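Coordinates in review
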Amino acid sequence: MKRAALGPEHLLPAHHVPPPWPGRHVPLDGTLVHVRDTPATAPGAEPALYVHGLGGSAQNWTDLAGLLAPRLDGQAIDLPGFGRSEPGRRYTIPAFADRVVRWIEHSDRGPVHLFGNSLGGAVAVRVAASRPDLVRTLTLISPALPFLDFRRSLQGRMLPVLVIPRGERLAAWRLAQLAPEVMAQQVMESCVADLTRISEQRRQEAIEEIRIRYEAAHYAAAYVRTFRGLVGSFLRSYLPGEGALWRQAAAVRAPTLVVGGRQDRLVDVRVAPQAARVIPDSRLLMLDGVGHVAQLEVPRTVARAVLALLAEAGSPEAATPGADGRNAQATALVTGMGESGGVRDMAG
């Protein structure tokens, strides 16, 4: 495990709040997958794929993908049953990983720089371990890798739903009791440490995403079944077997950046440092005052860490000198940042 470096701020585009990147539906193995494209803004950019977390969507990557567009030609997918993608038959880590693999193969863009947040981080680990030929680098943001103390997660209160017969109906009923504005506020409060970092535009987009969930009859079942599959994968990871997520993490060979927020309320804050220790070629960036979705809360900080990863991994685009002759790896250990948050490069 290494300390994460931060690339120079001047290599990033000027600050602005872009709208969600254009989306499209693509037929894949008999169902429609929804994909948002963030086209590269400079020649020679390399392909990137972004995978969201439980209850999220491709829209969660708007800011980070835009910041990295000079270096990466981005695509963000909605996993089956989430966002605007059609429902799937199975909602497990292996099933989602198979879907990501099929998308990379179908789009013929591999190997890609693969990004995953939360559930998407667990999916990305499985993809990188099982199909190293498809992954150039791996970036994990608050990855939902196994932990057993659910007192360290707000999701722990969801556990009873998993054992209640037809828990999906209970979840659907609960959704129907809350206005989209209230639900969006609750989601943001659980995921974000400092809500002042979230623009009004992003708040309105979150409300619209909630409305889409309400209109999708399959959403509650997809959420509950995915959560059940995630918890099941956690339990199996402490039993013998090559499919265990921690064993798969140890098999990852791609250069990897692990980002964790010290105020994460959904994934045990000890998971990110553990992931960095387990994955052989890894760098760890722990962010003070940041929650579960660092790519939304402090996207410029995350983008700088990605630039440094690309430079260290040998991506010529990321290593291109700036106006003053410095490259993306010039900044090493940083203890304070903008975006209203402190930064530490190692777990305490």
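It should be noted that the structure appears before, not after, this text.
Anyway, here's the lowdown on the structure attached to this text. This is a predicted model, so every value here is computed, not measured. Position numbers for residues count from 1 along each chain, tracking the sequence in the order it is written. Whole-chain, interface and lining totals are the exception, using all residues; otherwise, since this is a predicted model, local features are given only for residues with pLDDT of at least 70 and side-chain atom pairs are given and counted only at 80 or more. Side-chain measures were taken over the full set of non-hydrogen atoms in the model, leaving aside hydrogen atoms and water.

Some thoughts on the overall build of the protein chain
Strands are runs of DSSP state E lasting at least two residues, helices are runs of H or I lasting at least four, and both sets are numbered from the N terminus onward. Helix and strand counts for the protein chain stand at 12 helices and 10 strands. Within the span of the protein chain, comprising 348 residues, buried residues form 57% of the whole. Look at the contacts in the protein chain between residues 6 or more apart in sequence, and 78% of them connect residues 24 or more apart. Per-residue accessibility takes into account occlusion by the displayed protein chains alone, with areas from the Shrake-Rupley method and a 1.4 Å probe. Just so you have it, the protein chain exposes about 14,100 Å², and 55% of that area is on carbon and sulfur atoms. The classification of residues rests on relative accessible area computed with a 1.4 Å probe and restricted to protein chains. Under 20% of the type maximum is buried, over 50% is exposed, and intermediate values are partly exposed. Working rule for contacts: check all heavy atoms of both residues, and any pair within 4.5 Å makes them a contact.

Some thoughts on the nonpolar core
V100 and L114 are the most contacted members of the largest nonpolar core, which has 56 residues in total. When neighbours within four sequence positions are excluded, V100 is seen to be in contact with L49, V51, I77, L79, L114, V123 and V127. We define the nonpolar core as a collection of buried residues of types Ala, Val, Leu, Ile, Met, Phe, Trp, Tyr and Cys that are connected through side-chain atoms lying within 4.5 Å of one another. Residues L11, A294, L309 and L310 belong to the second largest nonpolar core, which totals 30 residues.

Notes on the pairing of strand β7 (residues 135-141)
Where burial is concerned, most of β7 is hidden: six out of the seven residues are buried. Crossover strand β6 (residues 112-117) to β7 through helix α3 (residues 119-130) is right-handed. Handedness of a crossover: with both strands directed away from the viewer, a clockwise path from the first strand across the helix to the second marks it as right-handed.

Observations regarding the side chain of Q248
By secondary structure assignment, the location of Q248 is in helix α9 (residues 245-251). Owing to a relative accessible area of 9%, Q248 belongs among the buried residues under this scheme. Setting aside residues up to four positions removed in sequence, Q248 forms contacts with V125, R126, A129, E242 and G243.

Considering the packing of aromatic side chains
Only the six-membered ring of Trp is used, alongside the rings of Phe and Tyr, when aromatic pairs are assigned; centres must lie within 6.5 Å, and planes under 30 degrees apart are stacked while those over 60 apart are edge-to-face, with the rest tilted. Under the definition given, this model contains six aromatic pairs. Site record: aromatic cluster; members linked through ring pairs are Y50, W61 and F115.

With respect to the pairing of strand β3 (residues 31-38)
Consecutive side chains of a regular strand alternate in pointing toward one face of the sheet and then the other. When you tally the buried positions in β3, you get seven out of eight residues, the bulk of the element. Count of turn residues in the strand β2 (residues 23-28)/β3 antiparallel hairpin: two residues, of which D29 carries a positive phi of about 55 degrees. Examined bridge by bridge, β3 and strand β5 (residues 72-77) share four bridges and lie antiparallel to one another. Directly across from R36, in β5, lies its bridge partner A76. At least two bridges found by DSSP between two strands are what make those strands a pair.

Here's the deal with the pattern of salt bridges
The working definition used for a salt bridge is a side-chain nitrogen of Lys or Arg within 4 Å of a carboxyl oxygen of Asp or Glu. For the structure shown, the criterion picks out 20 salt bridges. In this structure, E46 engages R136 in a salt bridge whose closest nitrogen and oxygen atoms are separated by 3.6 Å. Here R136 lies in strand β7 and E46 lies in strand β4 (residues 46-51), a separation of 90 residues in the sequence. Residue class for E46 comes out buried when judged on its relative accessible area of 11%. Its relative accessible area of 33% is what places R136 among the partly exposed residues. Linking D73 and R109 is a salt bridge whose minimum nitrogen-to-oxygen distance equals 3.4 Å. One end of the pair, D73, is in strand β5; the other, R109, is in the loop between α2 (93-107) and β6, and 36 residues separate them in sequence. Residue D73 is classed as partly exposed on the basis of its relative accessible area of 28%. Residue classification places R109 among the buried positions, given a relative accessible area of 13%. One network of salt bridges, in which partners are shared, links D29, R102, E105, R131 and D133.

A word on the environment of A249
As for its placement among the helices and strands, A249 is situated in helix α9. For A249, a relative accessible area of 0% gives the class buried. Separated by 29 residues in sequence, A249 and V278 have C-alpha atoms that sit 6.4 Å apart. Those residues in contact with A249, other than ones at most four positions away along the chain, are V125, V278, I279 and P280.

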